[in-house]
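Structural overview for review
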Amino acid sequence: MLKMPAKIESDRIVLVRPYPASVELSKEMFEKIDLSRKTLRDWLPWVDGVKTPEDRLPWLTNQTQTWDKGEGFAYLIRNKKTKALLGCVDLMDYSEKHKSAEIGYWLSDDAVGHGYMSEAVSALENTAFKKGVNRIMIGCDVENVRSINVPKRCGYRLEGVLRSNIWDKRWQSFRDTQIWSKLRSEWQAEQKK
């Protein structure tokens, strides 16, 4: 079973486990989601379901269970100096058999354009590879340019495009997904440079 730390620090940010699930934390997350609703809803179907501060509480509770099973690890991204919430990054769908996982993420509009997400993904992947993960994947909608720039900046390789793999109710169409990945061996080579 994969064991991840509750806190990961980098130069400007800290990734922290969203624990314990609380109404206060749910409200804080809601405020950031609501601030960025127009931007996030184009790419994240769950955003429309977050209509009140309490709507994030079930997700927080589920993250505790997923974390305890060693199957997924959601982190809040916070500014190291101000402690302000910037967004969220997840190491999810971990397979013990294949030593593989996927990274997903979102950032609030007021945090975009500062390199925080690339820093968060790098910090999370560094920890995961050190813990023995062999392959990390990032999937991005082919039209989500900001999301696509993150794996590019972090040295992931484009494996290909899953054509019409997701039905998007909001867009009333099937969507294509770019698949990016990095292997532990590639990460190790980067560390030697």
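A short tour of the structure in this document, coming up.

Cut-off values and rules
- Residues numbered from 1 in each chain as written.
- Predicted model: local features only at pLDDT ≥ 70, side-chain atom pairs only at ≥ 80, totals over all residues.
- Heavy atoms only, no water.
- Helix = DSSP H or I, 4+ residues; strand = E, 2+ residues; numbered from the N terminus.
- Rg over C-alpha atoms; globule rule 2.2 N^0.38 Å.
- Buried < 20%, exposed > 50% of the residue type's maximum accessible area, 1.4 Å probe, protein only.
- Contact = heavy atoms within 4.5 Å.
- Areas by Shrake-Rupley, 256 points an atom, 1.4 Å probe, with all protein chains shown as cover.
- Lys, Arg positive; Asp, Glu negative; His and termini not counted.
- Charge placed at Lys NZ, Arg CZ, Asp CG, Glu CD.
- Salt bridge = Lys/Arg side-chain N within 4 Å of Asp/Glu carboxyl O.
- Pairing = 2+ DSSP bridges.
- Right-handed = clockwise from strand over helix to strand, strands pointing away.
- Phe/Tyr/Trp six-rings, centres within 6.5 Å; stacked < 30°, edge-to-face > 60°.
- Lys NZ or Arg CZ within 6 Å of the ring centre and 35° of its normal.
- 1 Å grid on protein atoms, 1.4 Å probe; cavity = no way out; pocket = protein on both sides within 12 Å on 5 of 7 lines; lining within 4 Å.
- Points joined across faces, edges and corners; volume = space filled by probe spheres on them.
- Nonpolar A, V, L, I, M, F, W, Y, C, P; charged D, E, K, R; others polar.
- Axes fitted to C-alpha atoms, helices over the stretch in contact; angles between N-to-C directions.

With that settled, the discussion passes to the overall build of the chain. A tally of helices and strands in the chain yields 6 helices and 8 strands. For the chain, the succession of helices and strands along the chain, N to C, is β-β-α-α-α-β-β-β-α-β-α-β-β-α. For 193 residues, the compact-globule formula gives about 16 Å, and the C-alpha radius of gyration of the chain, at 16 Å, lands near that figure. If one aligns the C-alpha atoms of the chain with their principal axes, the spans along those axes are about 45 × 40 × 35 Å. In the chain, which comprises 193 residues, the share counted as buried stands at 48%. A sequence separation of at least 24 residues applies to 63% of the contacts in the chain between residues at least 6 apart. Of the roughly 10,300 Å² of accessible surface on the chain, 51% is carried by carbon and sulfur atoms. Measuring between centres, the 33 positive side-chain charges of the chain sit 4 Å from its 27 negative side-chain charges.

So, about the pattern of salt bridges. Enumeration according to the criterion identifies 15 salt bridges in this entry. Three or more residues are tied together by salt bridges with common partners; here these are Lys-7, Glu-9 and Lys-80.

We now examine the pairing of strand S6 (residues 135–141). With 5 of 7 residues buried, S6 is to be regarded as a mostly interior element. In the sheet, strand S5 (residues 100–107) pairs with S6 via 3 bridges, with the strands oriented parallel. By the bridge assignment, Glu-102 is partnered in S6 with Met-137. Once you follow S5 into helix H4 (residues 116–130) and on to S6, the crossover reads as right-handed. Where S6 lies against strand S8 (residues 173–183), 7 bridges are found, and the strand directions are antiparallel. Note on S8: the bridge partner recorded for Ile-138 is Trp-180.

What follows is about the packing of aromatic side chains. Applying the stated rule across the entire model yields 5 aromatic pairs. Look at Trp-67 and Tyr-75: their rings are 5.1 Å apart centre to centre, the planes differ by 70 degrees, and that puts the pair in the edge-to-face class. For the pair Trp-67 and Tyr-75, a shared accessibility class is recorded, and that class is buried. Between Arg-17 and the ring centre of Tyr-19, over which it is positioned, the NZ or CZ distance is 4.6 Å. The ring centre of Trp-59 lies 4.4 Å from the NZ or CZ of Arg-56, which sits over that ring.

Moving on, we come to the pairing of S8. One ladder, built from 8 bridges, connects strand S7 (residues 157–168) with S8; its direction is antiparallel. Bridge pairing links Trp-167 to Phe-174 in S8. Linkage of S7 to S8, two consecutive antiparallel strands, is achieved through a turn of 4 residues, within which Gln-172 is found at a positive phi near 55 degrees.

Moving on, we come to the layout of surface pockets. As a volume, the largest pocket reaches approximately 1,200 Å³. Considering the residues around the largest pocket, the lining is formed by 48 residues, among which Trp-43, Leu-44, Tyr-105, Asn-144 and Ser-147 are closest to the centre. Broken down by secondary-structure element, the contributors of at least two residues to the lining of the largest pocket are helix H2 (37–40), strand S4 (85–95), S5, H4, S6, helix H5 (145–153), S7 and S8. Per-element tally for the lining of the largest pocket: the top contributor is S5, with 6 residues. Tallied by class, residues from the lining of the largest pocket come to 23 nonpolar, 12 polar and 13 charged.

Turning our eyes to something else, we now look at the sheet that holds S8. If you walk across this open sheet you meet the 8 strands as S1-S2-S3-S4-S5-S6-S8-S7, and the pairing is mixed. Lying at the two open borders of the sheet, with one neighbouring strand each, are strand S1 (7–9) and S7. Neighbour-to-neighbour, the strand axes of the sheet open up by a mean angle of 25 degrees, direction not taken into account. Against the sheet, helix H6 (residues 184–192) touches S7 and S8, its axis set at about 55 degrees to S8.

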